[in-house]
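The primary structure of each chain is shown beneath.
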Amino acid sequence: MTQPIIQLSGLDKFYGNFQALSQVDLDIKTGEFFSLLGPSGCGKTTLLRSIAGFETPSAGTLHIDGQSMDGVPANKRPTNMVFQSYAIFPHMSVAENVAYGLKARKLPKAEIKTRVAEAIAMVGLQGFDARASHGLSGGQRQRVALARALVLKPRVLLLDEPLSALDKKLREQMQSELRQLQRAVGITFVLVTHDQEEALTMSDRIAVMFDGKIAQVATPEELYGKPRSRRVANFIGMMNFLDAKILTTSGERVEVDVQCFGKLTLPLAQATGGLEGCDAVGVRPEMLTILTESQAADREIEAVISEVFYYGDMTYYDVKLPFKEDTVTITMRNTAGRSILAVGEKARVGWSASSLLLLK
Amino acid sequence: MLRKGHIFKWYMGVFLVFLYAPAILLPVFAFNDSSIVSFPLKGFTTKWFAVLQTTEALHVAVRNSLMIAVTTALFSTLFGVLAARASTRFAFPARRSIMGFIMLPMVLPEIIIGVSLLVVIIQMGFELSLWSIILGHILICTPFCIAILSSAFMNLDQSLEEASFDLGQTRWNTFWLVIMPLVMPGIVASLLIAFTISLDEFIIAFFLAGTEPTLPVYIWGQLRFPQKLPSLMALGTILLVLSVSLLLVADYFRRRGIRKTGIESKGGFL
Ligand SMILES: Nc1ncnc2c1ncn2[C@@H]1O[C@H](COP(=O)(O)OP(=O)(O)OP(=O)(O)O)[C@@H](O)[C@H]1O
Ligand SMILES: [Mg+2]
């Protein structure tokens, strides 16, 4: 293992009495596409700006490439940032914007020229060199911002919600372009987003943040499949929760009493965030099945359909289980031969103990 | 019967006539071939302009006025830049009330500023000179400069500064490479406004003039001699044309600045 490119430990940030970051510990690996994901106001931007050098942490340490960043100003850090507003200099042409950082480093003119041309080509803006930068479209401005930062070959590129200002179509296109660009240049990307889908599709690893704290750091699959708490599970996709009570633990197994499902013995590994404080089991909507007449499952439960949402390729059912107040959501793929059930119909719901997670 | 719309139109018409008719009379009599300023007009002449060319005292007054106006414009714009920058970027205690006090001279009667400066300067044992007028003019022009420059600085996206810093530029260079070019239209507008205000300011200049009159003070002095009136009309015509052109240039720069930064225009002089 090479050493992490960014190491944060015990980072706190106070604005007056308000704590925006609290005891943030984080290692970001060299060359990975890392996302900071969380709801609005959870401190993502504050964390990113602390790495960039625009905010001074109240406590804790920050190392980039093994070097302490204590007292190192933003213009001396090996990081570059793509701002949410893109911050393209409006009085400069596209090429002048891209050359800005190289000129600050006082590189020879010829080198600046070739590197600017390369960077502009890399983001697909050939022929736009001399264009005035006001009057560029959102997508073009973003490309200029990317080229302007990447031309400096930073160790880390920081991106604060770079796609949030774009419309849906362009956003999806830029997501895949951004991912390809990151693979091509091999630079560590740290992306801030509040869009869980964006984080899941683009990142190698994701840190989920709530209220200034990091709740979980994991790969997208791990985050979706093994969330460590109800809050994370709810933020990443949908999850159904059933009340649960831990009865006994013996070795690697734990016996729980689950609402509707009854007494079960689950492997300890299914308590993803540890056993302590667990009071619910969670199950993803696609892990439950509505059984057809001919189908059977190890475990099944009677239910009544209370809502149907038809999406073409998928159908979302809200079903009522006996002795449970809230409905449970089940998603079914609309494969051939499967009929859509109607509200009020009875259904058999198949489930399996291996898809349950014990959560706090 | 007059409808509401008609009353409004009449009101506007009368208002505009009272506002501009006297100013339009200036060029009319400036080219009138008679030493008496009255109708009917006699004939076309440019001799009143020629008279201006040979009046030595007038030339001294113009030089004084230009010197005062240029110096005032430079200093009040410099102070305006500092104040606007401070008030839009940095939070400091009692910012609002401090800014309020700085803006106060805008509504303070000039006679108060004139008299109080006169008393202070005399009491401190200084001679009245062009510099005492400059001091007074800086006092009344700076608030206007701050108002113009504040909006220029406020329109500036703070992330532009951060981006420059992030790209490896120093704060000092960021100020010259990013901030200055973007607020330059505001600075030009501020220079022009301060110049114009100073150029035709009378009360302060009159109180603090000492032995060196400015142009408005000179003109006021000449009004005692009726035979000088037509050439004053010619002088007034020149001043009128210059003032209007300056104002147009100032607004052009303000608008260009707004277009350059891609921000919607929020009113203006014109
Ligand atoms: N300069 C500041 N002064 C005071 N409070 C601040 C400041 N900057 C941020 N905060 C507060 O810190 C908290 C975290 O802010 P931050 O901008 O990091 O959130 P975020 O996760 O980026 O949210 P968003 O998704 O809305 O951008 C917010 O509650 C915010 O109000
Ligand atoms: Mg943010």
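All values reported here derive from a predicted model rather than from experimental measurement.

Peer 1: Give a detailed account of the site of ligand 1, specifying residues and quantitative values.
Peer 2: Residue and element names in this part refer to chain A. Taken together, Tyr15, Phe18, Ala20, Pro39, Ser40, Gly41, Cys42, Gly43, Lys44, Thr45, Thr46 and Glu161 are the residues near ligand 1. At 2.5 Å, a side-chain N or O of Ser40 approaches an oxygen atom of ligand 1. Note that an oxygen atom of ligand 1 is positioned 2.7 Å from one of the backbone N or O atoms of Gly41. Summarising the interface, the protein chains cover 60% of the accessible area of ligand 1, which totals 640 Å² for the free molecule.

Peer 1: Give me the pairing of strand β9 (residues 205-210) of chain A: which residues, what numbers.
Peer 2: Residues and elements named next belong to chain A. Within β9, six of the six residues are buried, which leaves the element mostly enclosed by the surrounding structure. Burial along β9 is two-sided: Arg205, Ala207 and Met209 and Ile206, Val208 and Phe210, pointing in opposite directions, are all buried. Note: strand β3 (residues 33-37) against β9, four bridges, orientation parallel. Paired with Leu37 across the bridge in β9 is Val208. Looking at chain direction, β9 and strand β10 (residues 213-218) are connected through five bridges and run antiparallel.

Peer 1: Give a detailed account of a nonpolar patch on the surface, specifying residues and quantitative values.
Peer 2: Residues Phe101, Leu104, Met106, Val107, Leu108, Ile111, Ile112, Val115, Val119, Phe144 and Ile203 of chain B make up a contiguous nonpolar surface patch of roughly 930 Å² in combined accessible area. Structurally, the position occupied by Val119 of chain B is in helix α5 (residues 110-123).

Peer 1: Report on the packing of aromatic side chains, specifying residues and quantitative values.
Peer 2: Residues and elements named next belong to chain B. Tallied over the entire structure, the rule returns 15 aromatic pairs over all chains. With centroids separated by 6.1 Å and ring planes inclined at 45°, the aromatic side chains of Phe202 and Trp220 adopt a geometry described as tilted. Of the two residues, Phe202 sits in the loop between α8 (171-199) and α9 (203-208) while Trp220 sits in helix α10 (residues 215-222), which places them 18 residues apart along the sequence. For Phe202, a relative accessible area of 26% translates into the label partly exposed. Taken together, the ring pairs in this structure connect Phe202, Phe206, Phe207 and Trp220 into an aromatic cluster.

Peer 1: Describe the interface of chain A and chain B, naming the residues involved and giving the relevant values.
Peer 2: One widely used convention gives an interface's size as the accessible area the parts lose upon coming together. Taken together, the 24 residues of chain A in the interface contact 20 residues of chain B. Counting the surface lost from both chain A and chain B, the interface buries some 1800 Å², and carbon and sulfur atoms represent 61% of this. In terms of surface lost to chain B, no three residues of chain A exceed Asn75, His91 and Tyr100 of chain A, which account for 32% of the buried area on that side. Note that Arg49 of chain A and Glu162 of chain B form a salt bridge whose closest N and O atoms lie 2.8 Å from each other. Put simply, the parts of the chain that give the side of chain A that touches chain B at least two residues each are β6 (79-82), α2 (94-104) and α4 (138-150) of chain A.

Criteria and thresholds
- Position labels on residues start from 1 in each chain and follow its written sequence.
- Each chain is given a letter, starting from A, and each ligand a number, starting from 1, according to the order in which they appear as written.
- Residues qualify for local features only when their pLDDT is at least 70, as the model is predicted, and side-chain atom pairs are given and counted only at 80 or more; totals for whole chains, interfaces and linings, by contrast, use all residues.
- Side-chain measures were taken over the full set of non-hydrogen atoms in the model, leaving aside hydrogen atoms and water.
- Nearness of a residue to a molecule or strand requires only that one of the residue's heavy atoms be within 4 Å of it.
- Any pair of N or O atoms that falls within 3.5 Å is considered a polar contact. Within protein, one atom must be able to donate a hydrogen and the other to accept it, and sequence-neighbouring residues count only if both atoms are side-chain atoms.
- All accessibility values rest on the Shrake-Rupley procedure with a 1.4 Å probe; residue burial counts only the protein chains present in the view.
- Under the scheme applied here, a residue whose accessible area is under 20% of the maximum for its type counts as buried, over 50% as exposed, and between as partly exposed, the area being computed with a 1.4 Å probe on protein chains only.
- The numbering of helices and of strands both runs from the N terminus, where a helix is a DSSP run of H or I of at least 4 residues and a strand a run of E of at least 2.
- Strand pairing is assigned whenever DSSP identifies at least 2 bridges connecting the two strands.
- A patch is a set of surface residues, each over 30% in relative accessible area and not in a salt bridge, joined within 9 Å for like charges and within 5 Å for the nonpolar side chains Val, Leu, Ile, Met, Phe, Trp and Tyr.
- A side-chain nitrogen of Lys or Arg and a carboxyl oxygen of Asp or Glu constitute a salt bridge if their distance falls within 4 Å.
- Each aromatic pair joins two rings of Phe, Tyr and Trp (for Trp, the six-membered one) with centres within 6.5 Å, and gets the label stacked for planes under 30 degrees apart, edge-to-face for over 60, and tilted for any other angle.
- When checking whether two residues touch, look at their non-hydrogen atoms; a contact exists if any pair is within 4.5 Å.
- Buried surface area refers to the total accessible area, computed with a probe of radius 1.4 Å, that the two partners give up upon joining, counted for both partners together.

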